[in-house]
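Here are the chains, one letter per residue:
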Amino acid sequence: ANVEMDIIYAGTGIALEYGRRGDVDAVIVHDRAAEDKFIGEGYGINRRNFGYNFFLIAGPENDPAGIKGLTAAEAFTKIRELGMSDSSVKFVSRGDASGTHSKEKLIWKAAGFDYAADVQGSGEWYVEAGKGMGPTLLMASEMGAYVLADISTYLSYTKANPLKITMLVEQDSIFLNVYAAIAVNPEKIPTA
């Protein structure tokens, strides 16, 4: 079939909103809970896993919070604990309802924290970029801050632009990042 494809880049939350509005015919996303909700509401059909990568936590080479080699939850706990009292420890979040932001919230929950009550707005240590992964990595690098990133974007940015942050936490099953393609349901969105 002769198909014209226009690709629009957006975080998972925005991509699913485009699907709900009928602005796109399919979405490629990586937030299983949000995907299930999208499908459950009748907007998505024919979900297919097609790839995966992993998340990691990067930060300053001198690792002021001492997180190297910890689990994701242990690392987040230490970053928060030290960030509350040491102005040199900061964490940059995408803060944008993306799949990466959802994974971050999942890690905070695994660490025993309520994201809205214990993390978001809890001090200057926690910075919400409100941007895509690339700009968030650059912001963390400039600030000498910790950041949760997918390994693909991290590696492509370090290749193009040496970052002032390094991979510190890589080994954790919570870091699995599965990508799925979902068609928008033409019974719900007639233009799809």
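A brief structural summary. (Residues numbered from 1 in each chain as written. Predicted model: local features only at pLDDT ≥ 70, side-chain atom pairs only at ≥ 80, totals over all residues. Heavy atoms only, no water.)

### As for the side chain of D96
Cut-off, in case you're wondering: Each helix is a run of DSSP H or I of at least 4 residues and each strand a run of E of at least 2, with the numbering of both proceeding from the N terminus. Working definition: with a 1.4 Å probe on protein chains only, accessible area under 20% of the residue-type maximum means buried, over 50% means exposed, and in between means partly exposed. What qualifies as a polar contact is a pair of N or O atoms within 3.5 Å, subject to a donor-acceptor requirement within protein and to the restriction that residues adjacent in sequence count only when both atoms come from side chains. Should any heavy atoms of two residues lie within 4.5 Å, those residues are counted as being in contact.
Positionally, D96 belongs in the loop between β3 (91–93) and α4 (99–110). Here D96 falls in the buried class, since its relative accessible area comes to 18%. Polar side-chain contacts of D96 include one of 2.6 Å to the side chain of S98. Look past the residues within four positions of D96 in its chain and what remains in contact with it is H101, G130, K131 and G132.

### Some thoughts on the nonpolar core
The test is simple: Side-chain atoms within 4.5 Å link the members of a nonpolar core, which is a set of buried Ala, Val, Leu, Ile, Met, Phe, Trp, Tyr and Cys residues.
Counting residues in each nonpolar core, the largest one holds 25 residues, and the members touching the most others are I57, I67, I79 and F175. Secondary structure elements with two or more residues in this core: β2 (44–60), α3 (72–83), α4, α5 (115–119), β5 (146–150) and β6 (165–169). Ranked by the residues each element gives to this core, the list is headed by α3, at five residues. Those residues in contact with I57 that lie beyond four places of it in its chain are I67, A72, A75, F76, I79, V147, L148, T166, M167, L168, V169 and F175.

### Notes on the packing of helix α6 (residues 133–143) against helix α7 (residues 151–160)
To describe two helices that pack against each other, one gives the angle between their axes and the distance between the axes. Rule in force here: An axis is simply a line fitted to the C-alpha atoms; with a helix, the fit covers only the stretch in contact. Between two such axes, the angle follows the N-to-C directions and lies from 0 to 180 degrees. Each angle is binned into one of four classes, with values under 35 degrees roughly parallel, values over 145 roughly antiparallel, values of 65 to 115 roughly perpendicular, and all other values oblique. By convention the crossing between two helices is left-handed if the near helix lies anticlockwise of the far one by an angle smaller than a right angle, and right-handed if it lies clockwise. In this classification, the charged set is Asp, Glu, Lys and Arg, the nonpolar set is Ala, Val, Leu, Ile, Met, Phe, Trp, Tyr, Cys and Pro, and all remaining amino acids, among them Gly, are polar.
Interaxial distance between α6 and α7 falls to 10 Å at its minimum, and their mutual angle equals 60 degrees. Between α6 and α7, the interaxial angle falls into the category oblique. For the pair α6 and α7, the sense of crossing is right-handed. Between α6 and α7, the contacting residues are M133, G134, P135, L137 and L138 on the first element and T153, Y154 and Y157 on the second. Its residues assigned to classes, the contact of α6 with α7 shows six nonpolar, two polar and no charged.

### Some words on α3
The cut-off we apply is this: The length a helix should cover is 1.5 Å for every residue beyond the first. What the arc describes is the spread of directions from the helix axis to the C-beta atoms.
Between its first and last C-alpha, α3 extends 16 Å over 12 residues, near the 16 Å set by a 1.5 Å rise per residue. Along α3, the residues that are buried comprise A72, A73, A75, F76, I79, R80 and G83. All buried residues of α3 project into a common sector of 160 degrees when viewed along the axis, lining one side. Tucked into the core, α3 has its buried residues touching β2, β3, α4, α5, β5 and β6.

### Considerations on α6
M133, G134, T136, L137, A140 and S141 are the residues of α6 that are buried. Looking straight down α6, one finds its buried side chains confined to an arc of 165 degrees; they lie on one side. Residues of α6 that are buried make contact with β3, α4, β5, α7 and β6. Following α6 by one or two positions, G144 adopts a phi angle in the positive range, close to 65 degrees.

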